[in-house]
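# Coordinate analysis (summary)
Here are the chains, one letter per residue:
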Amino acid sequence: MPAVSKTVIVETLFSALTEMEDFPYNNEELYGFLKQTEFKMPKKSDIIRATSAYDCFLKENKSGKGFGDNSSLKELWNSIKSNSTDLDKYQNMANDANIKKGLPLSKNPLSANSKLISQLITLKQHNSTLHGNDSQIKPHFLGKKPHTSTNNYKQWKLSSLSLPPNHVLSKDILAQYKNDDHFDQKIYTSSQPWYNFISTHMIHI
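Rules used throughout
Residues numbered from 1 in each chain as written. Predicted model: local features only at pLDDT ≥ 70, side-chain atom pairs only at ≥ 80, totals over all residues. Heavy atoms only, no water. Salt bridge = Lys/Arg side-chain N within 4 Å of Asp/Glu carboxyl O. Helix = DSSP H or I, 4+ residues; strand = E, 2+ residues; numbered from the N terminus. Buried < 20%, exposed > 50% of the residue type's maximum accessible area, 1.4 Å probe, protein only. pLDDT = per-residue confidence, 0-100.

### What about the pattern of salt bridges?
A complete count under the given rule lists 3 salt bridges for this structure. Two residues, Glu-60 and Lys-89, come together in a salt bridge whose shortest N-O distance is 3.1 Å. Of the two residues, Glu-60 sits in helix H3 (residues 53-61) while Lys-89 sits in helix H5 (residues 84-100), which places them 29 residues apart along the sequence. Overall, Glu-60 belongs to the partly exposed group, its relative accessible area being 40%. The exposure class of Lys-89 is partly exposed, given its relative accessible area of 40%.

This is the structure in structure tokens:
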């Protein structure tokens with residue numbers, strides 16, 4: 001059995017890494033890192049790579065930043081992933097790019113997951129209404145972690161600004177709000193106005 005080529009090893013490794021949910025780099029950035037090392041490999045093939053929603057997000061939000069400078073965008077991307085509307089925006093951009101490349105479209109599991117969560121919350125609210133617990137219609141929280149200090153702070157802040165739960169604040173504006181409100185994710189007590197905001201004022205699963 002012939003040895004596996006360096007190209008195949010690198011492409012397999014990079015593909016596996018970029019598919020990890022919280023991995024902060026895309027294929028182009030990984031190859032950029034590789035070029036800065038002494039690792040030698042044959043010239044890349046002409047294989048056309050599919051564009052992902054995350055690739056489009058980085059292209060729109062990482063202007064002027066060098067390789068390895070993605071940490072400040074991680075929180076914004078995690079917020080977008082929990083919002084089907086915002087995620088669909090980048091998935092549609094990726095779909096358009098892939099169509100131009102002549103590549104088949106693939107379903108976005110993150111977007112589908114957000115829509116499923118929304119449907120489950122609607123059913124939960126409907127069931128509550130049937131049992132007489134319909135004191136008010138509450139907004140939906142579509143994120144995965146309704147009990148973290150950061151998510152509760154964000155939703156509290158959006159509500160105080162009369163913004164919808166799916167609104168995405170830019171990282172700079174959010175950072176300024178956190179500073180103004182003396183937010184510290186390590187300190188989470190009932191004395192803070194955002195404490196358990198999601199469980200108290202929103203519907204989640």
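Next comes the rest of the account.
### Things to note about the confidence of the model for the chain
In this model, the chain carries an average pLDDT of 75, and 68% of its residues clear a pLDDT of 70 or more. Within the chain, no element has a lower average pLDDT than helix H6 (residues 109-130), which sits at 58, and none a higher one than helix H7 (residues 149-160), at 92.

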